[in-house]
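What follows is each chain in one-letter form.
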Amino acid sequence: MRIVIVGAGIAGLYLAWKFSQKGEEVTVFEKKGKIGKEACSGLFSERILDFIPESKKLIQNEIKEVLIHFPRKTSKIIFKKSFFVIDHYKLDNLVAHLAQNSGAKIILNHKIDNFPKEFDKLIGCDGANSVIRKKLNLSEPRFFLAIQGFLEKEDNSNHIETWATDSGFIWRIPRGENIEYGIMEDFKKAKNYFDRFLKEKKIYLLRKKTAVIPQTLIPIIPKNSKITLCGDAAGLTKPWSGGGVIWSLISADILLKNFPDFIKYKKEVNKFFLPKTIFSKIVKKTVYFSGKNFPWLLPKENKIEGDFLF
């Protein structure tokens, strides 16, 4: 089949790699002049090795727990599966290389204004502000603003720290050769929150970058037999952290399993993600409310699954 993938992010590149291995004719269109997401924390659970075993060589640090700071209490979360710190830019380029070696064609500097004429299937993997989603007149996800910056100080500790904000959080991630600070919060609040935090902590960051994080309750996937969405374009990010890579790769595998039936793919994605999204949103609201109003209700230490809360 002639498959067109719009967007050379991790979901699009992974699909291009796997479809090419199956013998499909794959073309990836990317509007930017280069491959690689730069504004991303690059914190992935060890499941990344199940999808992309070659990513093992990119690991910069291993994270086993997170400290969640509320005004009157700090709670420790121990991950059942370790998280790896990986440069997202290098990961994208690694998968692009695997896709091209398998026969996929990647065309840069190619902005999609209209649906290409000659294709059997089209997959929108064009991120939070998906053009394909807009052209299909689908609903839009809720958007959060992410800001990140780096402190040039070596840190190989095995835990991250977070500080709860109104509807998001500030983070500190030791990346080995440096330390990353960032925030995920509502667009109107993110910058003020982050600036105030950095000023109070007397932290001066370099290389600040921003990104948009989409979130939705129900995956935004069209009921269309020829065109579909995957990854961030479908709003598939974790409600408690905004992380989207593992969820994107899981949705990509569901698509690969059900291909070429896009309707069945839509049903399978909803069946898998919807209960997890609903449950995790409830848990997040409960934890935030308790942490800010009844901190004694929160356990000092808990062990969870980092990609899914159940």
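Residue positions within a chain follow its written sequence, with the count starting from 1. Only residues with pLDDT of at least 70 get local features here, since the model is predicted, and only at 80 or more are side-chain atom pairs given and counted; chain-wide, interface and lining totals rely on the full set of residues. As a rule here, side-chain values come from all non-hydrogen atoms in the structure, and water together with hydrogens is ignored.

## Topic: the pairing of strand β5 (residues 73-86)
For a regular strand, side-chain orientation follows a simple rule: the groups alternate between the two sheet faces.
For step 1, the next point in the chain: At least two DSSP bridges between two strands are needed for those strands to be called paired. Helical segments are the DSSP runs of H or I of at least four residues, strand segments are the runs of E of at least two, and each set is numbered from the N terminus. Inspection of the sheet shows strand β3 (residues 43-45) paired to β5 by 3 bridges, in the antiparallel sense. Among the inter-strand pairings, F44 is bridged to a residue of β5, identified as F84.
For step 2, the next point in the chain: Summarising the sheet, strand β4 (residues 59-70) and β5 pair through 10 bridges and their orientation is antiparallel. In the strand pairing of β5, L67 is matched with K76.
For step 3, the next point in the chain: In this antiparallel pair of consecutive strands, β4 and β5, the connection spans 2 residues.
For step 4, the next point in the chain: Relative to strand β14 (residues 301-304), β5 is paired through 4 bridges, and the arrangement is parallel. Paired with I77 across the bridge in β14 is N302.

## Points about the pattern of salt bridges
For step 1, the next point in the chain: Here a salt bridge means any side-chain nitrogen of Lys or Arg lying within 4 Å of a carboxyl oxygen belonging to Asp or Glu. In this structure the tally under the stated criterion is 14 salt bridges.
For step 2, the next point in the chain: Between R47 and D307 there is a salt bridge, and its shortest N-O distance comes to 2.8 Å. Of the two residues, R47 is situated in the loop between β3 and α2 (48-51) and D307 in the segment after β14; the sequence distance between them amounts to 260 residues. As far as the burial class goes, R47 and D307 line up, both buried.
For step 3, the next point in the chain: Across the pair E180 and R175 runs a salt bridge, and its minimum N-O distance is 2.9 Å. Across the pair, exposure class does not vary: E180 and R175 are buried alike. Exposure categories follow from relative accessible area, calculated using a 1.4 Å probe and restricted to protein chains: below 20% of the type maximum is buried, above 50% is exposed, and the middle band is partly exposed.

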